[in-house]
Amino acid sequence: MRIASFVLIALAAASSACAQAPAGIPRELARERAARVSDVHYSLHYTLVPHGAQTEATESIRFRLANTSQPLLLDFRDGHVASLTVNGVSTPPDESNGHLILPADKLHTGENILELHFAANVAPAEKAITRFEDHDDGSEYIYTLFVPMDAEMAFPCFDQPDLKGRFQLTMTAPAAWTVVSNTDPVSTKAPSADAKETAFAETQPISTYLFAFAAGPFAKVHSTPGLPGIYVRKSKEQAAQSEAPEVQQMAADGITYLGKYFAQPYPFPKYDMVLIPGFAYGGMEHAGATFLREESVLFRTAPTATSLRNRDILVLHELTHQWFGDFTTMRWFDDLWLKEGFAQYMAYNALAALHPNGEVWKHFYESIKPGAYGIDETQGTTPIYQDIPNLKDAKSAYGAIVYSKAPGVLRQLNYVLGDHDFQLGLQRYLAAHKYGNAEWSDLIGSFQQVSGKDLEPWAAMWIRHRGMPQVEASWSCNGGRLARLTLTQHDVLGTDALWPIASEVLLSYADGRTAHLKAQFHAKSANIPVEGNACPAFVFANDDDHGYGLYLLDDTSRNFITQHIAAASDAAIQNPFTRTLLWGALWDAVRTAGYNPADYARLTLAALPNVRDESLAASLLGHSQTALHRYVGDTTRTQLTTQFATLAVDRMQHDASQDLRITWFHALNGLGASDVGSSALRSLLAGSLSVPGVTLRQQDRWGMVTSLIAYGDAHAATILAEEEQRDPSGDGKKFAWAAQAAQPDAATKQHYFDEYLHNPQRPEDWIEASLGAFNAWNQSQLTAPYIDPALEALPQIKQTRKIFFLVGWLNAFMDGQQSEAARDTVYSYLKDHSLDEDLRLKILQSVDELDRTVAIRKKYPNA
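Engineer: Talk me through the overall build of the chain; I want residue IDs and the actual numbers.
Structural biologist: In terms of regular secondary structure, the chain is built from 29 helices and 29 strands. The globule rule puts the C-alpha radius of gyration for 863 residues at 29 Å, and the 28 Å found for the chain is close to it. With respect to the principal axes defined by its C-alpha atoms, the chain has extents near 90 × 70 × 60 Å. Counting all 863 residues of the chain, 63% fall into the buried class. The long-range fraction of contacts in the chain, counting pairs at least 24 apart against all pairs at least 6 apart in sequence, stands at 72%. Between the centroid of the 71 positive side chains of the chain and the centroid of its 98 negative side chains there is a distance of 2 Å.

Engineer: Please provide a residue-by-residue account of the sheet that holds strand β24 (residues 481-491), values included.
Structural biologist: One open sheet accounts for four strands, arranged β27-β24-β23-β29; its pairing is mixed. Edge positions in the sheet fall to β27 (525-527) and β29 (550-552), since each of these pairs with one other strand and no more. Neighbour-to-neighbour, the strand axes of the sheet open up by a mean angle of 20°, direction not taken into account. Pairing of β24 with β27 involves three bridges; the strand directions are antiparallel. Note on β27: the bridge partner recorded for Leu487 is Ala526.

Engineer: Explain the environment of Ala30 residue by residue, including any values.
Structural biologist: Take Ala30: it is sitting in helix α2 (residues 27-36). Once the C-alpha coordinates of Ala30 and Glu837 are considered, the two residues, 807 residues apart in sequence, prove to be 22 Å apart. Once you skip the residues sitting within four places of it in the chain, Ala30 turns out to touch Ile25, Gln160 and Trp332.

Engineer: Please give an account of the pattern of salt bridges that cites residues and values.
Structural biologist: Counted according to the given criterion, the structure contains 54 salt bridges. Arg27 serves as the salt-bridge partner of Asp334, at 2.1 Å between the closest nitrogen and oxygen. One end of the pair, Asp334, is in the loop between β21 (328-330) and α6 (337-354); the other, Arg27, is in helix α2, and 307 residues separate them in sequence. Exposure remark for Arg27: the relative accessible area of 15% places this residue in the buried category. Here Arg726 and Glu723 are joined by a salt bridge, their closest N and O atoms 3.5 Å apart. Of this pair, Arg726 and Glu723 both sit in helix α20 (residues 716-726), three residues apart, which is roughly one turn of that helix. The structure contains a network of salt bridges with shared partners spanning Asp134, Arg233, Lys236, Glu294, Arg300 and Asp731.

Engineer: Can you tell me about the side chain of Thr183, naming the residues and giving the values?
Structural biologist: In this fold, Thr183 is placed in the loop between β12 (178-181) and β13 (185-192). Looking at Thr183, its side chain comes within polar contact range of the main-chain oxygen of Ala201, at 2.6 Å. Setting aside anything within four residues of it in sequence, one finds Thr183 in contact with Phe200, Ala201, Glu202, Thr203 and Lys270.

Engineer: Any chance you could break down helix α28 (residues 820-832) for me, citing the residues and the numbers?
Structural biologist: For α28, spanning 13 residues, the distance from its first C-alpha to its last is 18 Å, which sits close to the expected 18 Å at 1.5 Å a residue. Every buried residue of α28 is accounted for by Ala822, Arg823, Val826, Tyr829 and Leu830. Viewed along the axis of α28, the buried residues span an arc of 120°, placing them on a single side of the element. Looking at α28, the residues exposed on the side facing more than 90 degrees away from the buried face are Ala821, Lys831 and Asp832. Packing partners of the buried residues in α28 comprise α25 (787-792), α27 (805-815) and α29 (837-859).

Engineer: For the pairing of strand β17 (residues 229-233), give the residues involved together with the corresponding values.
Structural biologist: β17 sits mainly inside the fold: five of its five residues count as buried. Going residue by residue along β17, you find Gly229, Tyr231 and Arg233 tucked away on one face and Ile230 and Val232 tucked away on the opposite face as well. As paired elements, strand β16 (residues 218-221) and β17 share four bridges and run antiparallel to each other. When the bridges of β17 are listed, Lys220 appears paired with Tyr231.

Engineer: Kindly report on the sheet that holds strand β20 (residues 289-293), identifying the contributing residues and their values.
Structural biologist: Strands pair in a sheet through their backbones, by hydrogen bonds, and they do so in one of two ways: parallel or antiparallel. With respect to topology, five strands assemble into an open sheet ordered β16-β17-β18-β20-β19, the strand pairing being mixed. Two strands lie at the open edges of the sheet, namely β16 and β19 (283-284), each paired on one side alone. Two strands pair when backbone bridges link them, and β17 and strand β18 (residues 272-276) are joined in this way by three bridges, in the parallel orientation. Paired with Gly229 across the strands is Asp272, a residue of β18.

Engineer: Please give an account of unusual backbone geometry that cites residues and values.
Structural biologist: In the segment running from Val147 into Pro148, the intervening peptide bond is cis, with an omega of 0°. Along the chain, Pro148 falls in the loop between β10 (140-144) and β11 (165-174). Not every positive phi belongs to a glycine, and His222 is a case in point at roughly 50°. By relative accessible area, His222 is classed as partly exposed at 30%. Of note in this structure, Ala593 is not a glycine but carries a positive phi near 60°. Looking at the secondary structure, you find Ala593 in the loop between α13 (576-591) and α14 (597-607). Given a relative accessible area of 14%, Ala593 falls into the buried group.

Engineer: Could you give me a rundown of the packing of helix α15 (residues 614-631) against α29, with the residues and numbers involved?
Structural biologist: Interaxial distance between α15 and α29 falls to 10 Å at its minimum, and their mutual angle equals 75°. Looking at the two axes, α15 sits roughly perpendicular to α29. Contacts between α15 and α29 involve Thr626, His629, Arg630 and Tyr631 from the former and Glu849, Leu850, Thr853, Ile856 and Arg857 from the latter. In terms of residue class, the contact of α15 with α29 is built from three nonpolar, three polar and three charged.

Engineer: Tell me about the nonpolar core, residues and numbers included.
Structural biologist: One finds Tyr46, Phe155, Trp337, Leu485, Tyr756 and Trp809 to be the most contacted residues of the largest nonpolar core, which totals 291 residues. Contact partners of Tyr756, with chain neighbours within four places excluded, come to Trp737, Ala741, Ile767, Ser770, Leu771, Phe774, Arg801 and Trp809.

Analysis parameters
Residues numbered from 1 in each chain as written. Predicted model: local features only at pLDDT ≥ 70, side-chain atom pairs only at ≥ 80, totals over all residues. Heavy atoms only, no water. Helix = DSSP H or I, 4+ residues; strand = E, 2+ residues; numbered from the N terminus. Rg over C-alpha atoms; globule rule 2.2 N^0.38 Å. Buried < 20%, exposed > 50% of the residue type's maximum accessible area, 1.4 Å probe, protein only. Contact = heavy atoms within 4.5 Å. Lys, Arg positive; Asp, Glu negative; His and termini not counted. Charge placed at Lys NZ, Arg CZ, Asp CG, Glu CD. Pairing = 2+ DSSP bridges. Axes fitted to C-alpha atoms, helices over the stretch in contact; angles between N-to-C directions. Salt bridge = Lys/Arg side-chain N within 4 Å of Asp/Glu carboxyl O. Polar contact = N/O pair within 3.5 Å; in protein donor to acceptor, adjacent residues only side chain to side chain. Expected span 1.5 Å × (residues − 1). Arc of directions from axis to C-beta. Parallel < 35°, antiparallel > 145°, perpendicular 65-115°, else oblique. Nonpolar A, V, L, I, M, F, W, Y, C, P; charged D, E, K, R; others polar. Core = buried A, V, L, I, M, F, W, Y, C linked by side-chain atoms within 4.5 Å.

The values reported here are purely geometric and, on their own, carry no functional implication.
What follows is the structure, given as C-alpha cells:
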C-alpha cells in the first residue's frame, strides 16, 4: 500500500487526536490532494511589528473539494494556529508533523471556507520570513523566501506546486514602510497614526512558492513609465540611481523579446524588481515581483564587462521564469529543470538576440559548462530529472545539474532540432499549459510534434541518465589528405552507457583555414565522413560548443595547440570562441591527469601578456591559481607564484584595457603568498599603488585585507584595524567579520566553527562570506580537524539552511584540503555513517576535486 494512502486511511479511521500525519509532503499525498482540491483562493492579512519575533496574521482559504471521504491535510509548520474555523464551525487546530488535519465531517463536497488566526516566525536566518537590519541607518526590512516548500512556514496552505491558488494580500505595517508584492496595491488606509494598511489585487493562479512580499523603507528608484520598477533599501538609493536605468532597460527589452519569442505576451499585470541585501540566491522569480540579490546589481567590486554581462543574464534569467516557472510550472520538483534549465538557456538566447555582437555563446561556455562538467564527472552526479519522493527533500534537486547541465543539453537539442522547430515547440508547450502545470514529457512531446523526430532516445539518456560522455577523436592522413576521422565515446563514470552525440568537428590548418564536419551518432564510435579534406594541423570535436561532454584533444592536436596557442598572431588559432574552447580542453586534460599542471601554468604565463579577451584572461588566471594552490609542489608554486604576481602588478598598471587591468588586479589576492603579491596588496590598500582609471570598491579592499590575514602578513592586524575604522558601514562589519575567519590560528577556527552551528542570529550571508576565508588553501593543517565535524553538521544544515548553503559549505571544507589523509577522512566518514542518498551524493560531488588533486599529484610528483 502506498504510504500517503495508508496515512490518509489511517486518519479517516482514527480520531484526529490520535492521528499522525506524514512528515513533509510525500508525492502520493500531493497527488491525492491535487485530485481532490481545486480553485484555491487565499486571503491573507499580516501585521508587521518592528523587531518582532513573530507576525500575527489572519487568513481565509476558499477551495473546492471533490469528496469528503477522508480528512484533508493543510500544511503549516514553525508557527502557531490560535483559532480555526471550518465552514463556519469552530474547530480545535489538530497539528501533526507540520500539517493541520481537517476533519472529514467538517468538510463539504464543493466549496469550503477556512478561517484562521495564526502567528509566523520572523528572524535574521533559518526562517521563511527574514528580517534584515541595515546597520548603515538602523532601518529594518522584512522579506519572504518560500522555495521550495517554505510557504507553509509563513501561512497555512496547500504547499505543492500543482495546487496553484489566487492570493489576495493585505499588509499592516509601519506608516513609513513600502510593501511590494505580486500585484499592485488597490487601496491604502491608516488604522493608526503610525501604521498603514495596504491591500493588493488578487493574483492570477500561482504556486505557493511564488507568492511573496517585501516590506520596509524601500525607495523606488528611476521610476519611469514603460519600465519595470526597481526598489532598494533607502541607504542604497543614491548608489542605485546610476545602475537602475540599465537594469530596467534590459528587463524591458527582455519582456518584449521573450513575449514575441514565446508567442505569449508577458503573463502578469506588472513587473517589479526588489533588491534584497544578503539574499540567499542571485534572484527569485516571484510572479510580478522578482527579488534580486542586491550585491549582484549594485557591485561591491570594480566591475568588468563580464560583471555587467552576468548581471544582464541574471535579470533575463529571472524574467524568463515569468513564463517558464510562473506561468507554466513544473508539476513536481523532480522536473525543476523545466524552469531553471530553460530560464538559464533562454537568458543567453535573449541576450544573444539583444546583443548580437557580444560573443554571448562563448560566454555561455565559459560560465555554464565548467560547473556542469565539474559535477557530472563525479560519482555524486545525478540525472537532470531527479526523483523527489517528498518535497522536504526538494532542496537536493538544486545545483549545477539543473542550472548548468540542463541549459548545456538544451543548447545541443536546439542544434539537433534547428532554431525554428525549437522555438515552435516551446510556443506549443506554453500555449497548452497556461497558468497550469506540466511535466518533462509534455515538453518533449511538443518538440516531437513540431519536428517529427523521435526524441525519446535523446531524452532517455540526457534527461533520465546521470553522467556524460568523454569524446575523443583519432585521425590519420594519407598523401596530404585526411584519410580517417573516428570519434569514440565512453562514460566518464565507467559504465557502458552511450549517449546521442551531436557536435561540429573542426579541422584547422596552420595557415588559418578551417573546415567543419557535422557529427551525429549514438554508438560507441563513429567514422565521420571526411569529404576529401586536406590533412589538418589539429582536430577539435566540439567547435561552437553544441555538444555536451568532455571533448579531449588527441596527442597530435594537443602538441600543435600548445606550441601555437600562446602567440597572439598565430594564424592557426584566430577565432576567439575556438581559442577559448581549446584552452578549456587543455584544462580538462590537466583535471583528468593527462597534462602536467606545471606545464599548463607555464603555458598560461607565456600566453597571458598577449590575451586581449578579459573573460578568457580571468579563466586562465583562475585555472592557473588552482594549479598552483592544489596540484604543483612547493618549489614550483613558489617560483611560478612570484612570476604571476610580478606580471599581475605590471599589467594592472599598464594594460591598455581597463577591463584587463581590473582582471589582473583581482588575480592578486590569490598571489599574496609571494613577497611581490603581498607588497602590492599592502600598497594598494595604503594608496601608494593604484589601478589607473579604476576606483577600488568596498569588497575589493576587504578582499585584499582577507588575503593578507590568510597569508599571515606581519602587518595584517594593523591593516584590519585601519580598514574597520575606514569602513564602519553595515556591509563593512560583515566583511570584517568574514575576513577574520582567515586568521591562521586554532582558537579563531574553533570560535568561527561554533558560530556557524550554534548562533542562529548570525545571518546566513555572513557565514557564506566567511567560509572561503576559514578554509584558506594554505591553512589545510589548521582546518583538517574540521572535516569530520563539518560532515556531521550536514543533516542540521540541510534542515535549517537555504537551498545552496549546503553545497557551499561542503565545497569550502573540501577545497581547503589537498592531502590524501584528508581524502581518506571523507571516505571513512562515508563508510561509517548511514546517510540519506542526497547527502551521500553531495559529499561525493564535493570530494571529487580532492580525489583529482591526489591523483594529479601522484601522476606528476615533480610538478
